[in-house]
Structures are given as structure tokens and as C-alpha cells.
Amino acid sequence: MTLSPTARWTTGWLLAAAWALSFPLFSSLAPHRLWGWCAAVGYLAAAVATAVGRRRAALAAALLGAVALPLLWLVLTGRGQSEVTVIERSGRLLLESGRLYMDRPAHVEEYTPYLPGMALLGVPRAARGRRQRGRLGGAAAG
């Protein structure tokens, strides 16, 4: 028995929804739980839209739930993935010392698990922080 393309897509969206739902059920990290709820709803909506023959609506629902809404919420509330702070610290370390990694990280927070190129993504934030500190220091001195 062969499933129709519609049945395969609907099944795929349902599996994606189940996977996304595992994040709010098992993760202790708030950004992961938020993404899981949003994505699960988006994928379920995509499964329904696919089942009734609305493929473009299905794609829109999946992208809205799994990408746009959680990203917008995290940006507007100032929350982010813990990985972001690691990348920002790598960029700051690169600007301040010219090095990408700490010699002997004592805590998990000091360990950088990424390849060197990722530090470049943290440089803009680190550079902006330096300029702001410089302006504040100059204003205080003057």
C-alpha cells in the first residue's frame, strides 16, 4: 500500500509537531519550551492545511509557528538561546585578546564548543559594546 503525497506530507507535519511538542515537555530552558509550543501549533496547522489541500497555507503555518513567531517573541522580549551568549563572549574575547578560546576554562560557561568562524558572529555585538563603554567613559570624564 502506497500513501498518497498528501498523506505523506500530512504525516510528516504530524511527526514534526510531535517532535516540537517534546521540547516544552522535556526541556527546562524557556526559549526551547517557547519554540516547542509555537512550532507544534504551526506544524499541526500545517498538517490540517495539507489534509484539506492547502499546501501553501501549510507552508505558511509551519514557517509562522516554527520560525517567525518564536523569533519575534524572543527578540521583542530580549530573551535568547544560551548559545548566543557563548558566541558573543567569543567575539569579545577575540577583540580584547586576539584569541578565540580561553586556555583553561574553569566552568562550563567559559568553554566555547564552536569552530573559530563562529566568534566572528559575536564581534559586532562586542564592538558595539566597546563603543558604548567608550562614549560613556568619555562623557563621564568630560
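Quantities reported herein were computed from a predicted structural model and do not represent experimental measurements.

### Comments concerning the overall build of the protein
Of regular secondary structure, the protein possesses 5 helices and 0 strands. Relative to the globule expectation of 14 Å for 142 residues, the C-alpha radius of gyration of the protein, 21 Å, shows a markedly less compact shape. Judged by the C-alpha coordinates and their principal axes, the protein covers about 75 × 35 × 25 Å. Each of the 142 residues in the protein was classed as buried or not, and the buried ones make up 27%.

### Things to note about the confidence of the model for the protein
Mean pLDDT over the protein works out to 85, with 90% of the residues at or above the 70 mark. For the protein, per-element mean pLDDT is lowest for helix 5 (residues 117-141), which scores 67, and highest for helix 1 (residues 5-26), which scores 96. Taken as a whole, residues 138-142 scores under 50 in pLDDT and shows 0 contacts with residues more than four places along the chain or in a different chain.

### A short note on the packing of helix 1 against helix 3 (residues 55-77)
The axes of two packed helices give the description: the angle between them and the distance between them. Between helix 1 and helix 3, whose axes approach to 12 Å, the crossing angle comes to 10°. The angle between the axes of helix 1 and helix 3 places the two elements in the roughly parallel class. Note on element contacts: helix 3 touches helix 1 through Arg55, Ala58 and Ala62, opposite Pro5, Thr6, Trp9 and Trp13. Its residues assigned to classes, the contact of helix 1 with helix 3 comprises 5 nonpolar, 1 polar and 1 charged.

Parameters and conventions
Residues numbered from 1 in each chain as written. Predicted model: local features only at pLDDT ≥ 70, side-chain atom pairs only at ≥ 80, totals over all residues. Heavy atoms only, no water. Helix = DSSP H or I, 4+ residues; strand = E, 2+ residues; numbered from the N terminus. Rg over C-alpha atoms; globule rule 2.2 N^0.38 Å. Buried < 20%, exposed > 50% of the residue type's maximum accessible area, 1.4 Å probe, protein only. pLDDT = per-residue confidence, 0-100. Contact = heavy atoms within 4.5 Å. Axes fitted to C-alpha atoms, helices over the stretch in contact; angles between N-to-C directions. Parallel < 35°, antiparallel > 145°, perpendicular 65-115°, else oblique. Nonpolar A, V, L, I, M, F, W, Y, C, P; charged D, E, K, R; others polar.

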